Amino acid sequence: MSVCALASGRLHNGMPVPESPHPLRLEAVPLFTACYSAAMGAIPSDLMDIGIQDRYQMMKAKAILGSCCLQNGDLKRAITHLGDYTTLLSISGFNIESNWPTNISERERQERRRLFWGAYQQDQYISHSFGFISRIREAKTSVKYPAEVFDDVDITETGILQRPDKVSFLRGWNFCTDLYRLLQYLDDTFKTQQQFTRDEPGSAVSSLLSRLRSPKNFSSEMLHLISDLHAELPDELKRVKAITGDPQSDRYGLIGSCQHPHDDTDPQDGSGQQWKTQYPFTLCSCE
């Protein structure tokens, strides 16, 4: 139901779709309301009532419902859903990949990696766009990026089939994660540069951190790295194209709209490019 709510919400918000005699967009609002209500009705009011075996499915539902609310402009509910996700993540140790069940298939492992980094993107987007505290810290995580497969049929029960001649949507999706990771670290370094009074409690630690984590060199190196990584991306992941109805090609546009360079010159770097990251409101899953 949470996936249904997300899809209908995207449709209502103007997501372009191929021409069809079926009035999809007219039915989007009541469909979203019905799916969202059904999803919420299936979730226990007390997270502690959720059994260990059901926690992972509930984490997926909460992350997707957070995306639903975020794309609809309901920021408070988006933060609440992501907070519930973070609570379940913490009590289950989901942020450490070695804590995951050892008997899961490769397909399940890849889905978990997509869930973790998708929720991380959402958390960072909310934090940096609206000034809220980040609740998923990379320093406390140990989860690999999802494999950059062209299609989920390339994920077998025991391994990954690579297709070098195909462009993986997840290559661009992982690039967006790179941007958020760098942004989180840069945010931490600038935090240590805030002015403080030496006679205030904690000033000695603040002074030490400001010397250890100077953002001057890091900012320049970060922008050059981002430019290099972006230049290496295939053209399919850089440009937004018209919707064709083919999911394999249409999803590239989500990455193209997620990140793009601006022409404003950065005063420290002088490279002539600044980067803006937008949350694409999508959580990938192995379906």
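Residues numbered from 1 in each chain as written. Predicted model: local features only at pLDDT ≥ 70, side-chain atom pairs only at ≥ 80, totals over all residues. Heavy atoms only, no water.

Asks: Describe the overall build of the protein chain, listing the residues and the values that go with them.
Replies: Helix and strand counts for the protein chain stand at 10 helices and two strands. Reading the helices (α) and strands (β) of the protein chain from amino to carboxyl end gives α-α-α-α-α-α-α-α-α-α-β-β. Across the 287 residues in the protein chain, those meeting the buried criterion constitute 44%. In the form shown here, the protein chain has an accessible surface area of approximately 15,600 Å², with 53% of it arising from carbon and sulfur atoms. (Helix = DSSP H or I, 4+ residues; strand = E, 2+ residues; numbered from the N terminus. Buried < 20%, exposed > 50% of the residue type's maximum accessible area, 1.4 Å probe, protein only. Areas by Shrake-Rupley, 256 points an atom, 1.4 Å probe, with all protein chains shown as cover.)

Asks: Tell me about the nonpolar core, and name the residues and values.
Replies: Counting residues in hydrophobic clusters, the biggest one holds 54 residues, and the most contacted among them are Met-59, Tyr-85, Phe-94, Leu-115 and Phe-116. Secondary structure elements with two or more residues in this core: helix 1 (2-12), helix 2 (28-41), helix 3 (55-71), helix 4 (75-92), helix 5 (106-130), helix 6 (169-191) and helix 8 (215-232). If you tally residues by element for this core, the top one is helix 3, at nine residues. Sequence-distant contacts of Leu-115, defined by excluding residues within four places in its chain, comprise Tyr-56, Met-59, Lys-60, Ala-63, Tyr-85 and Phe-94. (Core = buried A, V, L, I, M, F, W, Y, C linked by side-chain atoms within 4.5 Å. Contact = heavy atoms within 4.5 Å.)

Asks: Hey, could you go over helix 5 for me, with residue numbers and the actual values?
Replies: In this model, helix 5 (25 residues) spans 36 Å end to end at C-alpha, consistent with the 36 Å of a helix rising 1.5 Å per residue. Counted residue by residue, helix 5 has 19 buried out of 25 residues, so it is predominantly covered. Two residues or fewer past helix 5, Gly-131 is found with a positive phi of approximately 80°. (Expected span 1.5 Å × (residues − 1).)

Asks: Residue-level account of the side chain of Lys-60, with values.
Replies: For Lys-60, the position within the fold is in helix 3. Residue Lys-60 is classed as buried on the basis of its relative accessible area of 18%. Sequence-distant contacts of Lys-60, defined by excluding residues within four places in its chain, comprise Glu-111 and Leu-115.

Asks: Talk me through the packing of helix 3 against helix 5; I want residue IDs and the actual numbers.
Replies: Closest axis-to-axis distance for the helix 3/helix 5 pair is 11 Å, and the angle between their directions is 35°. In this structure, the crossing between helix 3 and helix 5 has a hand that is left-handed. Across the interface between the two elements, Tyr-56, Met-59, Lys-60, Ala-63, Gly-66, Ser-67 and Leu-70 of helix 3 pack against Glu-111, Arg-112, Leu-115, Gln-122, Tyr-125, Ile-126 and Phe-130 of helix 5. Of the residues belonging to the contact of helix 3 with helix 5, the class tally is eight nonpolar, three polar and three charged. (Axes fitted to C-alpha atoms, helices over the stretch in contact; angles between N-to-C directions. Left-handed = near helix turned anticlockwise from the far one by under 90°. Nonpolar A, V, L, I, M, F, W, Y, C, P; charged D, E, K, R; others polar.)

Asks: Report on helix 3, specifying residues and quantitative values.
Replies: Here helix 3 spans 24 Å end to end across 17 residues, near enough to the 24 Å set by a 1.5 Å rise per residue. Along helix 3, 16 of the 17 residues are buried, which leaves the element largely enclosed by surrounding structure. Gly-73, located one to two residues past helix 3, shows a positive phi value of around 80°.

Asks: Can you explain the side chain of Lys-62? Please cite residues and give values.
Replies: On the secondary structure map, Lys-62 appears in helix 3. Sequence-distant contacts of Lys-62, that is, excluding residues within four places in its chain, are made with Ile-43, His-81, Asp-84 and Tyr-85.

Asks: Help me get a handle on the confidence of the model for the protein chain, residues and values and all.
Replies: Atom-level detail of predicted coordinates should not be read off regions where pLDDT is low. On average, residues of the protein chain score 78 in pLDDT, and 74% of them reach the 70 mark or higher. Below a pLDDT of 50 lies the segment residues 257-287, which in the model reaches 89 contacts outside its immediate sequence neighbourhood of four places, other chains included. (pLDDT = per-residue confidence, 0-100.)

Asks: Give me the packing of helix 4 against helix 5: which residues, what numbers.
Replies: Viewed as axis vectors pointing N to C, helix 4 and helix 5 meet at an angle of 135°, and their least axial separation amounts to 11 Å. With respect to helix 5, the axis of helix 4 lies oblique. You can see that helix 4 and helix 5 cross each other, and the crossing is left-handed. Contact residues: helix 4 offers Leu-75, Ile-79, Leu-82, Tyr-85 and Leu-89, while helix 5 offers Leu-115, Phe-116, Ala-119, Gln-122, Asp-123, Ile-126 and Phe-130. Taken together, the residues of the contact of helix 4 with helix 5 break down into 10 nonpolar, one polar and one charged. (Parallel < 35°, antiparallel > 145°, perpendicular 65-115°, else oblique.)

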